[in-house]
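Chain and residue survey
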Amino acid sequence: MFLKIKNVAKMFDEKNGVKEISLNVEKGEFITLLGPSGCGKTTLLNLIGGFLTVDSGEIILEGENIEQVPPEKRKVSTVFQNYALFSYYNVLDNVAYGLRYFRKLPKKEARRLAQDYLKMVGLEDYADYNISKLSGGQQQRVALARGLATNPKVLLLDEPLSNLDANLRAQMRCEIKELQRKYNITMIFVTHDQVEALSMSDRIVVMDKGCISQVGTPKEIYLSPANKYVASFVGSANYIEENDKCYLARPEDIEISKSVDGDFKIISMMFLGAHTDIIVEKENKRFEVSVLGNKIIDMEINDKVNLHVLNKTEIL
Ligand SMILES: Nc1ncnc2c1ncn2[C@@H]1O[C@H](COP(=O)(O)OP(=O)(O)OP(=O)(O)O)[C@@H](O)[C@H]1O
Ligand SMILES: [Mg+2]
């Protein structure tokens, strides 16, 4: 196993921190830590990066226990949410920094190599720009290049896209994923955005209160969630109680049809272009249904409708 996190715990007090985490990461894998604010994502990343020390457990990278290795010697590098770039350096020198101080390359060689990393992230023409002159997306790319330049075995990314607007986020998602695939980089990516997690990851680690709730591919997490917590955190979930069992039906698993004597009433419709999210209600029980394209054309709020569940999975 490339990176092995074995029974790792780090508690700041009785409630906060990570309780006991075990996770194996393969070389070249894109792993996402997904969970609500305060669940321990950054803490786990900082333990791997060496910015925090474990209370108990082991972190083993390519067979070596790295617990005692200081962050700058760990072969792990971190891209932070605020990028942590040096505003008094130009773009090239921000990237060359890691090469000079971590890889101990002479200045000239570091700057030459830094140029290669800028090319990797499409910023080769911006080498002499001041950091403050760059857009958010460009700064993000500099931070990525700087992280990659130290040639880490694992690149950790802590919510790197959260400062960007929606379009740039979508673009950077693709760029990071492409870079990761092309260079077979092992990445551990932190987010609380389910779209980011589903679209980028080889596997997602869903966390809750310092513990792992489920580890799986995006499809496994979405289609076969381990429990209600995972089902509700990743995507929208409808729960149907039948014969003492509980079933999950996703909004797209339910068909809706207008009918004057329908059981349900439409109480909200959110038009989102490609699809419309509709909330229907019957005796205080609500369901969320997703309808594709123009199928909603004859429906309005307060209309009576019937629901037909096309697909459901038992859930704990
Ligand atoms: N240095 C610290 N001292 C005390 N408590 C801490 C420290 N760092 C984190 N915590 C607490 O531990 C819990 C987990 O924090 P962490 O930063 O790992 O959460 P997170 O999942 O990254 O959340 P977010 O999505 O908001 O970034 C939080 O309740 C936080 O307040
Ligand atoms: Mg965090």
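Look above for the structure.
Residues numbered from 1 in each chain as written. Chains lettered and ligands numbered in written order. Predicted model: local features only at pLDDT ≥ 70, side-chain atom pairs only at ≥ 80, totals over all residues.

The secondary structure content of the protein chain amounts to 8 helices and 18 strands. Over its C-alpha atoms, taken along the principal directions, the protein chain stretches across nearly 80 × 45 × 30 Å. Looking at the protein chain residue by residue over its 316 residues, the buried ones come to 35%. Considering only residue pairs separated by 6 or more positions, the protein chain has 63% of its internal contacts joining residues 24 or more positions apart. (Helix = DSSP H or I, 4+ residues; strand = E, 2+ residues; numbered from the N terminus. Buried ≥ 20, exposed ≤ 12 C-beta atoms within 10 Å, placed from the backbone. Contact = placed C-beta atoms within 7 Å.)

Glancing now at the packing of helix α2 (residues 91–101) against helix α4 (residues 136–149). For any two helices packed against each other, one specifies the crossing angle of their axes together with the interaxial distance. Viewed as axis vectors pointing N to C, α2 and α4 meet at an angle of 25 degrees, and their least axial separation amounts to 7 Å. Between α2 and α4, the crossing angle belongs to the class labelled roughly parallel. Here the hand of the crossing between α2 and α4 comes out right-handed. For the pair α2 and α4, contact is made by V91, N94, V95, Y97, G98 and L99 and by V142, A145, R146 and A149, respectively. Tallied by class, the residues present in the contact of α2 with α4 amount to 7 nonpolar, 2 polar and 1 charged. (Axes fitted to C-alpha atoms, helices over the stretch in contact; angles between N-to-C directions. Parallel < 35°, antiparallel > 145°, perpendicular 65-115°, else oblique. Left-handed = near helix turned anticlockwise from the far one by under 90°. Nonpolar A, V, L, I, M, F, W, Y, C, P; charged D, E, K, R; others polar.)

Backbone geometry places E62, a non-glycine residue, at a positive phi of 45 degrees. Structurally, E62 can be placed in the loop between β4 (56–61) and β5 (64–65). Look at E62 and you get partly exposed, because 13 C-beta atoms sit within 10 Å. With phi around 45 degrees, E283 is a residue other than glycine that occupies positive phi space. In this fold, E283 is placed in the loop between β15 (275–282) and β16 (285–292). Under the C-beta neighbour-count criterion, E283 is labelled exposed, with 6 such atoms within 10 Å.

Our next topic: helix α1 (residues 41–49). The element α1 is extensively covered by neighbouring structure, given that 8 of its 9 residues are classed as buried. Regarding α1, the residues found buried are K41, T42, T43, L44, L45, L47, I48 and G49. Backbone geometry just after α1 places G50 at a positive phi near 90 degrees.

Around ligand 1, the neighbouring residues are F12, N16, G17, G35, S37, G38, C39, G40, K41, T42, T43 and H192. A total of 3 residues in the shell around ligand 1 trace back to one element, the largest contributor, which is α1. Considered class by class, the residues forming the shell around ligand 1 number 2 nonpolar, 9 polar and 1 charged. (Near = placed C-beta within 6 Å.)

Nonpolar side chains in soluble globular proteins generally cluster together in the buried interior. V95, A145 and I188 are the most contacted members of the largest nonpolar core, which has 73 residues in total. Both domain 1 (3–229) and domain 2 (240–314) contribute no fewer than three residues apiece to this core. Residue contacts for A145: discarding those within four places in its chain leaves V95, Y117, L118, M120, V121 and L123. (Core = buried A, V, L, I, M, F, W, Y, C linked by C-beta atoms within 7 Å. Domains from an automatic or database assignment.)

Okay, the sheet that holds strand β9 (residues 203–208) next. Taken in spatial order, the 6 strands of this open sheet run β6-β7-β8-β3-β9-β10, and their pairing is mixed. The two strands at the open ends of the sheet, each matched to only one other strand, are β6 (76–79) and β10 (211–216). For this sheet, the mean angle separating the axes of adjacent strands, direction not counted, is 20 degrees. The sheet contact formed by strand β3 (residues 30–34) and β9 spans 4 bridges and is parallel. Paired with L33 across the strands is V205, a residue of β9. Set on the sheet, α1 makes contact with β3, β6, β7 (154–158), β8 (186–191) and β9; between it and β7 the angle comes to about 150 degrees. On top of the sheet, α4 reaches β6 and β7; it is set at about 175 degrees to β6, its chief contact. (Pairing = 2+ DSSP bridges.)

The first and last C-alpha atoms of helix α3 (residues 107–120) sit 20 Å apart over 14 residues, in line with the 20 Å expected at 1.5 Å per residue. Here α3 has its buried residues at A110, A114, Y117 and L118. One side of α3 carries all its buried residues, which in axial view fall inside an arc of 100 degrees. Across from the buried face of α3, at angles greater than 90 degrees, the exposed residues are K108 and D116. Residues of α3 that are buried in the fold lie against α2 and α4. (Expected span 1.5 Å × (residues − 1). Arc of directions from axis to C-beta.)

All quantities given are derived from atomic positions and should not be read as evidence of function.
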